[in-house]
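# Survey of secondary and tertiary structure
Each chain, written out:
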Amino acid sequence: MIDELRSIQHQFGYLPADRLQELAAKIQDPLSQIHAVASFYPHFHLAPPAQVEVRVCADMSCHLRGAPALKHGLEQAFGAGGAEKVAVRNVSCLGRCDQAPALSINDQIYTNIDEQRTLGLVRDVLAGRELPAAQSSHKPLPVLSDPYNGSPNYSAVRQFVQTPDWSGVVATLKAAGLRGMGGAGFPTGSKWEIVRNAPGKEKYIVCNADESEPGTIKDRFIMENVPYLVIEGMIMAGLVTGARRGILYIRHEYHRPKEILQAEIDRCYRDGLLGPRILGSDLEFDLEIFVSPGGYICGEESALLEAIEGKRAEPRNKPPFPGTNGLWNQPTAINNVETFTFATVILSRGADWFKSQGTNGASGMKFVGISGDVNRPGVYEVPMGTKYSALIFEYAGGIPGGRQLLAYAPSGPSSGYLPASMADLPLDWNAVAAAGSMVGSGAIVVCAEGRCMLDMALNAVRFYRNESCGKCVPCRVGSQKLVEMLSGWTEGRSSTSDLPLLDELSHALKLTSICGLGQVVPVPILSVLKHFRAVVDDHRNHRRCAAGVCFSARGTA
């Protein structure tokens, strides 16, 4: 259904009602079901869009890098023209945190952009001129752990075809201690083993390349530079688990990574590494790309499966888990891009090599994305155990203008914020968890002195409110209540009952939300209350924002 909807929108620019009726008759689904799906995903339009749709990324790194002022300038310039000509609105993270601020104009993404250039692009469209393409030149960057140094030969697949030893592969991944690198941290070897041993007439491998949480950019880097490591990891997962079909689920904003991956998949088919008889053996595995219709909730593994099945991306109740009841209710191994990449590295270089790469008592390697208030935002491959202070001041070049570090999020909004006094924490699962946060996906967002941490908490909570699928009441209602409360604190409205109510809401969200999104909604503000309580008290008790950000319409845009 989603492919059909995408085709209709590509033809008309939106989804005309009569075309939806024709689609209902064609695929023999109720019109109500088609409308339910089409209305759920932000990528689809049920009415003709404005002549120019400008969507400004509103989240964390772009928020720090001038997005509120950029959006305000656009509204001032085009507000009188009418919404049918120019529509300016916020959009959730575009996955360009290292190139903030970012925005899209009629679905064309532009980065490191300022107000004057944006105004010129909008006026070009209004005048009937075509938008210039974003820079598309791509030169692969070296990846330290790449066992092939840019010239892949798929040695792990070739060895498995010669000696099919699925238990040996699982044992190697377990010995290496490879965890899911998307944030959950579940042992990869155990996951593949569960799917291998699960009964089912068909099994599936799914790669989660949705990567929609603010600050998370590492998977895009991996797909652009070492796509073959991702694909080989998926092939190995298929051979080990007995799955014959793989689906790489990628967010629709990642046009270039999709093209690079598709070219590599095509090459694998030509070279006999994919298809019905891999390298002349009786082993088979097919791989295709599924482009997401949008939405952060699609990053939740069961919601992602619902989207692939052509439904609204609403999380499933668990148990059962995807390992036994996943795609089409069949056993499914879901890992993210980085996990499949390091599975290939481990199977090529060995578990001992991988474990030896860590430092300060930790083992393994990690890709981290560093953005926000740093001189060199980007993606870095680093040893586990590296101190966050080294990541910020050495790898990312420190803070612009010589300002001091105020806070950092170790993994986007879901990790909350830690103060500068905790910058010497090591990049280590247990150490960061003991500090009340998490390594997560490694989306490090840096805040320099002069930032308002209450404003940053509101920005993060608002993201979750906007991205809630609305399926469960705690998340749908609780996230809105928290946004209203924090907005009040930044606008001079507060009550003595706010803090007890916040505790109650947080408790309810954590215990009763169906998926991880609802469970982490309160994390940003709870971390700010824990580490920056004076900032909150200044706002609530004295109507004072030391950063000069709040108590204005523009401050929390």
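Residues numbered from 1 in each chain as written. Predicted model: local features only at pLDDT ≥ 70, side-chain atom pairs only at ≥ 80, totals over all residues. Heavy atoms only, no water.

## What to know about the overall build of the protein chain
Each helix and strand counted, the protein chain has 23 helices and 13 strands in total. A compact globule built from 557 residues would reach a C-alpha radius of gyration of about 24 Å, and the protein chain, at 23 Å, matches this within 12%. In terms of its C-alpha atoms, the protein chain occupies a principal-axis envelope of roughly 70 × 60 × 45 Å. Residue pairs in contact within the protein chain that sit at least 24 positions apart in sequence constitute 71% of those at least 6 positions apart. As displayed, the protein chain offers around 22,200 Å² of accessible surface, 49% of which is attributable to carbon and sulfur atoms. Averaging the coordinates of the 54 positive side-chain charges in the protein chain and doing the same for the 56 negative ones gives two points 2 Å apart. (Helix = DSSP H or I, 4+ residues; strand = E, 2+ residues; numbered from the N terminus. Rg over C-alpha atoms; globule rule 2.2 N^0.38 Å. Contact = heavy atoms within 4.5 Å. Areas by Shrake-Rupley, 256 points an atom, 1.4 Å probe, with all protein chains shown as cover. Lys, Arg positive; Asp, Glu negative; His and termini not counted. Charge placed at Lys NZ, Arg CZ, Asp CG, Glu CD.)

## Description of the layout of surface pockets
Of the volumes computed, that of the second largest pocket is approximately 1,300 Å³. Around the second largest pocket, the lining is made up of 47 residues, and of these G182, A184, G299, E300 and E301 lie nearest the centre. Put simply, the parts of the chain that give the lining of the second largest pocket at least two residues each are α9 (188-197), α10 (218-225), β8 (332-336) and α21 (516-520). Ranked by residue count, the leading element in the lining of the second largest pocket is β8, at 5 residues. (1 Å grid on protein atoms, 1.4 Å probe; cavity = no way out; pocket = protein on both sides within 12 Å on 5 of 7 lines; lining within 4 Å. Points joined across faces, edges and corners; volume = space filled by probe spheres on them.)

## Examining the domain arrangement of the protein chain
Examined at the domain level, the protein chain breaks down into domain 1 (2-38), domain 2 (52-126), domain 3 (155-352), domain 4 (357-448) and domain 5 (454-542). Between the C-alpha centres of domain 1 and domain 3 the distance comes to 30 Å. The interface is formed by 4 residues belonging to domain 1 together with 8 residues belonging to domain 3. For the pair domain 1 and domain 3, the summed buried surface comes to about 500 Å²; carbon and sulfur atoms form 59% of the total. At the junction of domain 1 with domain 3, the criterion picks out 0 salt bridges. The tally of links between domain 1 and domain 3 comes to 3 residue pairs in polar contact (both at pLDDT 80 or more). (Domains from an automatic or database assignment. Buried area = accessible area lost by both parts, 1.4 Å probe. Salt bridge = Lys/Arg side-chain N within 4 Å of Asp/Glu carboxyl O. Polar contact = N/O pair within 3.5 Å; in protein donor to acceptor, adjacent residues only side chain to side chain.)

## A few points about the pairing of strand β9 (residues 365-372)
Among the 8 residues of β9, 8 are classified as buried, and the element is accordingly described as predominantly covered. Along β9, one buried face is formed by M365, F367, G369 and S371 and the opposite face, lined by K366, V368, I370 and G372, is buried too. In this sheet, strand β10 (residues 378-383) lies alongside β9 in antiparallel orientation, the contact comprising 6 bridges. Bridge pairing in β10 links K366 to V382. (Buried < 20%, exposed > 50% of the residue type's maximum accessible area, 1.4 Å probe, protein only. Pairing = 2+ DSSP bridges.)

## Focus: the packing of helix α11 (residues 227-241) against helix α12 (residues 255-270)
Where α11 contacts α12, the two axes come as close as 9 Å, and the packing angle between them is 55°. In terms of axis orientation, α11 runs oblique to α12. Once α11 is placed against α12, the crossing between them reads as right-handed. Contact residues: P227, Y228 and I231 in α11; I260, L261, E264, I265 and C268 in α12. Residue classes in the contact of α11 with α12 are distributed as 7 nonpolar, no polar and 1 charged. (Axes fitted to C-alpha atoms, helices over the stretch in contact; angles between N-to-C directions. Parallel < 35°, antiparallel > 145°, perpendicular 65-115°, else oblique. Left-handed = near helix turned anticlockwise from the far one by under 90°. Nonpolar A, V, L, I, M, F, W, Y, C, P; charged D, E, K, R; others polar.)

## Overview of the packing of helix α19 (residues 473-490) against helix α20 (residues 498-512)
Taken N-terminus to C-terminus, the directions of α19 and α20 make an angle of 150°; their axes are 10 Å apart at the nearest point. It follows from the interaxial angle that α19 and α20 lie roughly antiparallel. α19 and α20 meet at a crossing whose hand is left-handed. Mapping the contact onto sequence places P474, C475, G478, K481, L482, M485 and W489 in α19 and D498, L499, L501, L502, L505, A508, L509 and T512 in α20. Residue composition of the contact of α19 with α20, by class: 11 nonpolar, 2 polar and 2 charged.

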